[in-house]
Structure formats: C-alpha cells, structure tokens
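Spelled out from the first residue to the last, the chains are:
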Amino acid sequence: MLSKPATMLLGLIYEKPLNAYQIIKRLDYMNVKWWFHIADSTVYSTLKTLEKKGLLLGTAEKVGNMPDRTVYRLSDQGRAAFEDTLRASILQFNYDTNIFSIAAFFLSVFPPEQQQELLQKRLDLLQKYREGIQKQVNPLWESQVPALHAANVKRMMDLVDAEITGTRRLLESCKKKA
C-alpha cells in the first residue's frame, strides 16, 4: 500500500499529467492543508521517489526562457498501485481517517457500480467495528475501568459513527449518479 502523500500525488496525476508546481497549486486550491498537510518539499521528494520506483514517468518540458520542468504521468505500474491502494484504503478502517479521505477524493477512478460495492463493503466493516465496541460498553464494565478509559472507548465509537455517516453520504451520492 502506498503512503498517504504518494496516494494523493498519484491521484492528482491520474486525472492528468502535472508538474510539481501544478500539484502544489492544486493542493492549495483543494484546501488539503486543513486536513492533511503536505509540505512542498514532500511533494518534490515523493515525486522523485515514485519516479525511481517506476510508478511515474517524468518528461522534461521547456516553456519559454524558464528552466526545464518535469511533467509526470502514471506508468501502468503506477496506475495499478494507485487503484490497489484506493481499494485497500476503502476496505479497511483506521482511526487515521485521512487514509480514507484521500481515497474518497479519488473514488471516481472506479465505475459507479464498483464505487457503490466498495462503499457498501466499507459500511458493513464499520458496522462490525461499532458492534464490537458496543459489546464492551455497559454499566458493569464502566464501573470497573477508569472514567477516562470509558470515555476514550466511547470517543472511538463516536469516530466510527462519524465514518458510518460519511460513508453513507458518499454511497448515496454514488447512487444518485448511477
């Protein structure tokens, strides 16, 4: 599975070939910094790493008197790794919700019926997580653990509930498009 920065960058390049400056501007436009900060230096270093791994193909481009710039596009291997990472990110639950948020940004790489199938599987997984946590929370258990521990477990259930709500919203949006 690719790192979060690599997934974000591959997703942007998946849509159309871009250079590093264009990627940084697109991240700014998307307001990504408020939920997942990627430093400019991380963009450049991640692009170089992805190119070395064969996931990106860089082509030097000359524009006017400016220095050459490298425009990146996905290789077949990069496309496959990106799609595999999206699937894995959708079909798992992690309390680091940025993993799923990045995948949700790029759901449109899949056809509508596959989007719905992946989101429904995620919803089923989240329901199982919630049921597992709910089994633990009861008055007897709460009387035997420190209050902060009980509050934290309930907070974890709140996070799962938020993910359920968000996943349902995405699923409904996919169904409207179909």
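Structure: above.
Each chain carries its own residue numbering, running from 1 in the written order of its sequence. Owing to the predicted nature of the model, reporting of local features is limited to residues with pLDDT of at least 70; listing and counting of side-chain atom pairs is limited to 80 or more, with chain, interface and lining totals taken over all residues. Think of the side-chain values as coming from all heavy atoms in the structure, minus any hydrogens and water.

Asker: What is the right way to look at the overall build of the chain in this model?
Answerer: Along the chain, the regular secondary structure elements total eight helices and three strands. The helix and strand labels rest on DSSP assignments: H or I over at least four residues marks a helix, E over at least two residues marks a strand, and numbering proceeds from the N terminus. Walking the chain from its N terminus toward its C terminus, one meets helices and strands in the order α-β-α-α-β-β-α-α-α-α-α. Our radius of gyration looks at C-alpha atoms and nothing else; its globule reference is 2.2 Å times the residue count to the power 0.38. Its C-alpha radius of gyration of 20 Å places the chain more than 25% over the 16 Å reference for a compact globule of 178 residues. Its C-alpha atoms give the chain principal-axis dimensions of roughly 75 × 40 × 30 Å. Here a residue-residue contact requires only that any non-hydrogen atoms of the pair lie within 4.5 Å. Excluding contacts between residues fewer than 6 apart, the proportion of contacts in the chain whose partners are at least 24 apart in sequence is 62%. Note that accessible areas follow from Shrake-Rupley with a 1.4 Å probe, and for residues the cover is restricted to the protein chains shown. Accessible surface, the chain as shown: approximately 10400 Å² in total, 54% of it carbon and sulfur. With 25 positive and 19 negative side-chain charges, the chain shows a spacing of 2 Å between the two charge centroids. In summary, the charge assignment counts Lys and Arg as positive and Asp and Glu as negative, without counting His or the chain termini. Taken as the charge centre is NZ of Lys, CZ of Arg, CG of Asp or CD of Glu, depending on the residue.

Asker: It is not clear to me how the layout of surface pockets should be interpreted in this structure. Could you clarify?
Answerer: To find the voids left in a structure, one rolls a probe of water-molecule size over its atoms. Estimated volume of the largest pocket: approximately 240 Å³. Grid points spaced at 1 Å over the protein atoms alone were grouped into cavities, where a 1.4 Å probe fits but cannot get out, and pockets, open sets with protein on both sides within 12 Å along at least five of seven lines, with lining residues defined by an atom within 4 Å of a point. Along the walls of the largest pocket sit 14 residues, with Asn19, Tyr21, Asp68, Arg69 and Thr70 positioned nearest its centre. Contributions of two or more residues to the lining of the largest pocket are made by helix H2 (20-29), helix H3 (40-52) and strand E3 (69-74). For the lining of the largest pocket, the residue count by class is eight nonpolar, two polar and four charged. Grid points are joined across faces, edges and corners, and a volume is the space filled by probe spheres set on the points. Polarity classes work like this: nonpolar for Ala, Val, Leu, Ile, Met, Phe, Trp, Tyr, Cys and Pro, charged for Asp, Glu, Lys and Arg, and polar for all others, with Gly in that last group.

Asker: Which parts of the structure should I look at to understand the nonpolar core?
Answerer: Side chains of a nonpolar character, in soluble globular proteins, are inclined to be buried together. If you look at the biggest cluster of nonpolar residues, it comprises 49 residues, and the most contacted ones within it are Ile23, Leu27, Val43, Leu47, Leu56, Phe82 and Phe106. Broken down by secondary-structure element, the contributors of at least two residues to this core are helix H1 (4-15), H2, H3, E3, helix H4 (76-90), helix H5 (98-105), helix H6 (112-136) and helix H8 (147-177). If we ignore the near neighbours within four places in the chain, the residues touching phenylalanine 82 are Leu2, Thr7, Leu10, Gly11, Tyr14, Leu74, Phe106 and Val109. Buried Ala, Val, Leu, Ile, Met, Phe, Trp, Tyr and Cys residues that are joined via side-chain atoms within 4.5 Å together make up what is termed a nonpolar core. For each residue, the accessible area found with a 1.4 Å probe, counting protein chains only, is set against the maximum for its type, and the residue is called buried under 20%, exposed over 50%, and partly exposed in between.

Asker: Can you walk me through the pattern of salt bridges in this structure?
Answerer: A side chain of one charge can pair with a side chain of the opposite charge if their charged atoms are brought near each other. Salt bridge, as used here: a side-chain nitrogen of Lys or Arg that lies within 4 Å of a carboxyl oxygen of Asp or Glu. Taken as a whole, this structure holds nine salt bridges when the rule is applied. Salt-bridge contacts for glutamate 142 lead to lysine 154; the nearest nitrogen and oxygen are separated by 2.9 Å. Residue glutamate 142 is found in helix H7 (residues 139-144), and its partner lysine 154 is found in helix H8; the two are separated by twelve residues along the sequence. Exposure remark for glutamate 142: the relative accessible area of 30% places this residue in the partly exposed category.

Asker: Explain the packing of H1 against H3 here, please?
Answerer: In a packed pair of helices, the relevant descriptors are the angle between the two axes and the axis-to-axis distance. For every element, the axis is a line fit to its C-alpha atoms; helices are fit only across the contacting stretch, and the angle between N-to-C directions ranges from 0 to 180 degrees. Axis separation between H1 and H3 bottoms out at 10 Å; the angle between their running directions is 80 degrees. The orientation of H1 relative to H3 falls into the category roughly perpendicular. The residues of H3 that touch H1, namely those facing Pro5, Ala6, Leu9, Leu10 and Ile13, are Thr42, Val43, Thr46, Leu47 and Leu50. Considered class by class, the residues forming the contact of H1 with H3 number eight nonpolar, two polar and no charged. By definition in this entry, angles of less than 35 degrees are roughly parallel, angles greater than 145 are roughly antiparallel, angles of 65 to 115 are roughly perpendicular, and the rest are oblique.

Asker: I tried to follow the environment of glycine 78 on my own but got confused; where do I start?
Answerer: Checked against the element boundaries, glycine 78 lands in helix H4. With 25 residues separating them in the primary sequence, glycine 78 and lysine 53 have C-alpha atoms 8.9 Å apart.

Limitation: the analysis is restricted to geometry and does not speak to function.
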